[in-house]
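# Close look at the chain arrangement
Now for the letters of each chain:
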Amino acid sequence: MSIKSLVDAYDQLDSFDLRILRVIEIGHRKFEYVPLEVIVDWSKRSEELVGKSLRKLNALGMVIRYRGNYTGYRLTFMGYDALALHTLAKRGIIERVSPTPIGVGKESDVYAGDAVGDGKVVLKFHRLGRTSFRQIRRFRAWIGNRRHITWLYESRLSAHAEYKALVLAYNAGINVPRPITVNRHTVVMAYINGAQLSEVGDVDSPEDLYWGIIESVKKLFADVGIVHGDLSEFNIMIDLDSGESFIIDWPQWVPRNAPGALDMLRRDIMNVTRYFMKRFRLNVDVDEVYNYVVGNVEVREESLEEALEELLGSEGLSELMGSEKEEFEDA
């Protein structure tokens, strides 16, 4: 599914179609397939009018119909994309999205766009339905049995987790893309004119570049209290104008007191160090770098939820794991 096909489909929607999409979105809090009678009741319109809208949305690929012991509907990622883009445009955040992705991965699609007024932004659409169940299990551990879970909600949780990490890191003065906003499964951040470290040729000073990255990892661990968890040459971006490094791709971050956080930190350091040793012939001892990063920081291993609550506070944790209600009301 391309942004162009999404925009073409979106242009065929009217305000009532968007209302039906939002009703189904809220219905997913209780149902995988939202029953037709629930959609009719919540929309406050006739079954005939609702049915007409649902047939259009189904033809456009924004909902899927289920017929078994009842008739129900669920959103597709195209429908969820449409709701996110509608809200972002209505809030005056984005004006246009490039039709060509700048990155397609197992867990997300990334597009450049134009901000309202001036400047370029990046929109990252999280799509956890394409992943292995590694991330899914982690998110289920966060929320337990609190609500019915859908792929869309898990993708939303992934996006909000990434946005929270970006905010924490950016506010601490660490080089990450400047976070702008998050809506549903979509993170909006400032555009960086850069390339992945894996794609960069020669650099002026590989040693300075390496230690700049390590200092960011250390500050994240010691001052912010988080571990990236998947750091490598593929999610370090080099600004082509300044030569500075930026750490990107944050949905898998964990608090430093979470189970396995130190193992993840060591792996992050090992991945980066091995790349610099192989690519730039840098001579570095991984164990010494790891000990330097950890320093005298006390790590008390807790459950993931306890570690998150300690880092974010109960309100911050509730906000991170909350429902889509705020998007429904504000869209």
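The coordinates are above.
Presented here is an overview of the structure given in this document. If you're wondering where the values come from, they're calculated on a predicted model, not measured in any experiment.

The helix and strand tally for the protein chain stands at 12 helices and 13 strands. When each of the 331 residues of the protein chain is scored for burial, the buried share is 53%. If you sum the accessible surface of the protein chain, you get close to 15,600 Å²; carbon and sulfur atoms cover 46% of it.

Axes are the key here: two packed helices are described by the angle between their axes and the distance separating the axes. Between helix α2 (residues 15–27) and helix α5 (residues 77–90), whose axes approach to 10 Å, the crossing angle comes to 110°. It follows that α2 is roughly perpendicular to α5 by the angle criterion. Crossing of α2 against α5: the hand is left-handed. Contact with α2, carried on its side by Leu-18, Leu-21, Arg-22 and Glu-25, involves Gly-79, Tyr-80, Leu-83 and His-86 of α5 and no other residues of that element. Residues belonging to the contact of α2 with α5 are distributed by class as follows: 4 nonpolar, 2 polar and 2 charged.

Another point: the pairing of strand β5 (residues 108–115). With 7 of its 8 residues buried, β5 lies for the most part within the structure. Pairing of strand β4 (residues 94–104) with β5, which is carried by 6 bridges, proceeds in the antiparallel orientation. Counted as the bridge partner of Gly-103 is Val-110 from β5. In terms of strand pairing, β5 meets strand β6 (residues 120–126) through 7 bridges, oriented antiparallel. Looking at β6, one finds that Tyr-111 is bridged to Leu-123. Between β5 and β6, which pair antiparallel and follow one another directly, the connecting turn spans 4 residues, one of which, Gly-117, has a positive phi of 100°.

One open sheet holds the 5 strands; their spatial order is β4-β5-β6-β8-β7, and the pairing between them is antiparallel. Unpaired on one side and paired on the other, β4 and β7 (179–183) mark the two borders of the sheet. Geometrically, the sheet is characterised by an average inter-axis angle of 25° between neighbouring strands, direction not taken into account.

Turning our attention to the nonpolar core. If you look at soluble globular proteins, the nonpolar side chains tend to sit buried side by side. If you look at the biggest cluster of nonpolar residues, it comprises 55 residues, and the most contacted ones within it are Tyr-210, Leu-220, Trp-250, Leu-265, Ile-269, Phe-276 and Val-293. For this core, the secondary structure elements donating two or more residues are α7 (151–171), β8 (186–190), α8 (206–224), β10 (226–227), β11 (236–239), α9 (261–280), α10 (286–294) and α11 (304–321). When sequence neighbours within four positions are dropped, the list of residues in contact with Ile-269 reads Val-217, Val-286, Val-289, Tyr-290 and Val-293. Core analysis: the second largest hydrophobic core is formed by 39 residues, Leu-6, Leu-18, Ala-82 and Leu-88 among them.

Another aspect to go through is the side chain of Ser-232. Tracing the sequence through the fold places Ser-232 in the loop between β10 and β11. Setting aside anything within four residues of it in sequence, one finds Ser-232 in contact with Asn-271 and Val-272.

Residues of β11 alternate between two faces, with Ile-236 and Ile-238 on one and Met-237 and Asp-239 on the opposite face, all of them buried. For β11 and strand β12 (residues 245–247), the ladder comprises 3 bridges, and the chain directions are antiparallel. Counted as the bridge partner of Ile-238 is Ser-245 from β12.

We now examine the pattern of salt bridges. With the rule as written, the count across this model stands at 11 salt bridges. Arg-96 serves as the salt-bridge partner of Asp-114, at 3.0 Å between the closest nitrogen and oxygen. Linking Asp-114 in strand β5 with Arg-96 in strand β4, this pair joins segments that are 18 residues apart in sequence. Residue Asp-249 is joined to Lys-124 by a salt bridge in which the shortest nitrogen-to-oxygen separation is 3.0 Å. In this pair, Asp-249 sits in the loop between β12 and β13 (254–255) while Lys-124 sits in strand β6, placing the two residues 125 residues apart along the sequence. Taking relative accessible area as the criterion, Asp-249 reaches 29% and is therefore assigned partly exposed. Here the salt bridges do not stand alone but share partners, grouping Asp-81, Asp-109 and Arg-127 into one network.

Calculation rules
- Residues numbered from 1 in each chain as written.
- Predicted model: local features only at pLDDT ≥ 70, side-chain atom pairs only at ≥ 80, totals over all residues.
- Heavy atoms only, no water.
- Helix = DSSP H or I, 4+ residues; strand = E, 2+ residues; numbered from the N terminus.
- Buried < 20%, exposed > 50% of the residue type's maximum accessible area, 1.4 Å probe, protein only.
- Areas by Shrake-Rupley, 256 points an atom, 1.4 Å probe, with all protein chains shown as cover.
- Axes fitted to C-alpha atoms, helices over the stretch in contact; angles between N-to-C directions.
- Parallel < 35°, antiparallel > 145°, perpendicular 65-115°, else oblique.
- Left-handed = near helix turned anticlockwise from the far one by under 90°.
- Contact = heavy atoms within 4.5 Å.
- Nonpolar A, V, L, I, M, F, W, Y, C, P; charged D, E, K, R; others polar.
- Pairing = 2+ DSSP bridges.
- Core = buried A, V, L, I, M, F, W, Y, C linked by side-chain atoms within 4.5 Å.
- Salt bridge = Lys/Arg side-chain N within 4 Å of Asp/Glu carboxyl O.

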